[in-house]
Amino acid sequence: MPAHANQKSQRHWSKNVRDVSLIHDGLQLRVEGGAENGEFLYVVALPTEKTRYRKGRFRTGDILIELNEEAVVGLTLQDLMNRINKAGKKVNFKVVQPGGGINKDMRDFLSQDFPNSDEVDIDLQDATRDNLYARTVPCTTRPPRSGEEAGIDYIFISREKFLEMEKNGYFLETGSYNGHYYGTPKPLLSDLMTKDEPAENETLQVEEQTKDNTENSELVIVHRENLNEENGLKEGLENDSQNNVEKDEILQNQPIQV
């Protein structure tokens, strides 16, 4: 059921946001979701006894909104890992249970058209997009403009490739303007992998040392995509993008419709 289906009968999610402050000697927190899965980050297993709460407590299913006053909505699991390790032993989260207009489905939340008066939801959408745009390059079916660089400004792809990606769920949100499609793709899982990539669909254990190297912070990333499909898609995008750039070299002295 969409996050907004029962919004009128539930208290708005922003009224249910909780503070969770804790001190840890190596935070071991099991989290799933992330932008690479089209979801907000959410808790699936609670920290161990090595964690000392200062305020509040995690609950299973909690959606992570902020870490030390910085938005974590729209981040990948690896991004969250990096921020936790940089934060040191004292960390402060803002979390919320699903309901009241939000759930773990980030695509559903981004697809909603909130009125201008709904500043809380709009601010959360903006924070999510800010983090996404720092991690992924948007796709478009329009030709490149003069000075634009494929893979930096946009990934330029054909209309057919765009529709194929949309059908297969690779976009977090899509739109159109002047007859051209635009889409924000999920960060490719292959970008998050080390050279020793795990087998398809298996769980990847990610471990990083905390600042004082006393214990490991731990996240478990659950692969929900087929790595062969991801790598094949990436190769196809690169080829498609290069073809569009070559076409643009022929058209560069002609007017280009945005």
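Residues numbered from 1 in each chain as written. Predicted model: local features only at pLDDT ≥ 70, side-chain atom pairs only at ≥ 80, totals over all residues. Heavy atoms only, no water.

Identification of the chain as Membrane-associated guanylate kinase, WW and PDZ domain-containing 1-like from Paramuricea clavata is taken from an unreviewed UniProt entry. Its UniProt record gives the chain the following Subcellular location (unreviewed entry) comment, quoted word for word: "Membrane". (UniProt positions renumbered as here; feature names shortened; annotations may be inferred.)

*Asks:* Could you give an account of the nonpolar core, with specific residues and numbers?
*Replies:* Counting 18 residues, the largest nonpolar core has Val-31, Leu-41, Phe-58, Leu-64, Val-72, Leu-80 and Phe-93 as its most contacted members. Ala-35, Tyr-42, Val-96 and Phe-109 belong to the second largest nonpolar core, which has 17 residues in total. (Core = buried A, V, L, I, M, F, W, Y, C linked by side-chain atoms within 4.5 Å. Buried < 20%, exposed > 50% of the residue type's maximum accessible area, 1.4 Å probe, protein only.)

*Asks:* Talk me through the pattern of salt bridges; I want residue IDs and the actual numbers.
*Replies:* Summed over all chains, the structure comprises eight salt bridges. Put simply, Arg-18 and Asp-62 hold a salt bridge, and the shortest N to O gap is 2.7 Å. Within this pair, whereas Arg-18 is found in strand β1 (residues 18-24), its partner Asp-62 is found in the loop between β4 (51-55) and β5 (63-67), the two being separated by 44 residues in sequence. Each member of the pair, Arg-18 together with Asp-62, is buried. In this structure, Glu-70 engages Arg-83 in a salt bridge whose closest nitrogen and oxygen atoms are separated by 3.5 Å. Residue Glu-70 is found in strand β6 (residues 70-71), and its partner Arg-83 is found in helix α1 (residues 77-87); the two are separated by 13 residues along the sequence. Judged by its relative accessible area of 26%, Arg-83 is partly exposed. Linked by salt bridges that have partners in common, Asp-19, Lys-55 and Lys-94 make up one network. (Salt bridge = Lys/Arg side-chain N within 4 Å of Asp/Glu carboxyl O. Helix = DSSP H or I, 4+ residues; strand = E, 2+ residues; numbered from the N terminus.)

*Asks:* An account of the sheet that holds strand β11 (residues 180-185) is requested, with residue identities and associated values reported.
*Replies:* With mixed pairing, four strands are arranged side by side in an open sheet as β9-β8-β11-β10. Each edge of the open sheet carries a strand with a single partner, namely β9 (155-156) and β10 (171-177). Examined bridge by bridge, strand β8 (residues 139-140) and β9 share two bridges and lie parallel to one another. Pairing of Thr-140 across the sheet is with Phe-156, part of β9. Lying over the sheet, helix α4 (residues 159-167) contacts β8, β10 and β11, oriented at roughly 45° with respect to β11. (Pairing = 2+ DSSP bridges. Contact = heavy atoms within 4.5 Å. Axes fitted to C-alpha atoms, helices over the stretch in contact; angles between N-to-C directions.)

*Asks:* Before we move on, could you go through the packing of aromatic side chains and cite the residues and values that matter?
*Replies:* Evaluated as defined, the whole model comprises eight aromatic pairs. Seen from their ring centres, Phe-109 and Phe-114 are 5.5 Å apart, and the 50° between their planes marks the pair as tilted. The exposure classification of Phe-109 matches that of Phe-114, with both residues buried. Ring geometry for Tyr-154 against Tyr-182: centres 6.0 Å apart, planes inclined by 65°, an arrangement best described as edge-to-face. (Phe/Tyr/Trp six-rings, centres within 6.5 Å; stacked < 30°, edge-to-face > 60°.)

*Asks:* Tell me about the side chain of Arg-142, residues and numbers included.
*Replies:* Looking at the secondary structure, you find Arg-142 in the loop between β8 and β9. Here Glu-148 takes part through its side chain, which lies 2.8 Å from a polar atom of the side chain of Arg-142. Looking at Arg-142, its side chain comes within polar contact range of the side chain of Tyr-182, at 3.1 Å. (Polar contact = N/O pair within 3.5 Å; in protein donor to acceptor, adjacent residues only side chain to side chain.)

*Asks:* Residues and numbers for a negative patch on the surface, please.
*Replies:* A cluster of acidic side chains, namely Glu-119, Asp-123, Asp-126 and Asp-130, defines a negative patch on the protein surface. For Asp-130, the location among the structural elements is in helix α3 (residues 119-133). The exposure class assigned to Asp-130 is exposed, which follows from its relative accessible area of 54%. (Patch = residues over 30% accessible without salt bridge, like charges linked within 9 Å, V, L, I, M, F, W, Y side chains within 5 Å. Areas by Shrake-Rupley, 256 points an atom, 1.4 Å probe, with all protein chains shown as cover. Lys, Arg positive; Asp, Glu negative; His and termini not counted. Charge placed at Lys NZ, Arg CZ, Asp CG, Glu CD.)

*Asks:* Hey, could you go over α4 for me, with residue numbers and the actual values?
*Replies:* Among all positions of α4, only Lys-161, Phe-162 and Met-165 are buried. Buried residues of α4, viewed axially, fall in a sector of 100°; they line one side. Of the exposed residues in α4, the ones pointing more than 90 degrees away from its buried face are Glu-160 and Lys-167. In the segment just after α4, Gly-169 is the residue with positive phi, at about 80°. (Arc of directions from axis to C-beta.)

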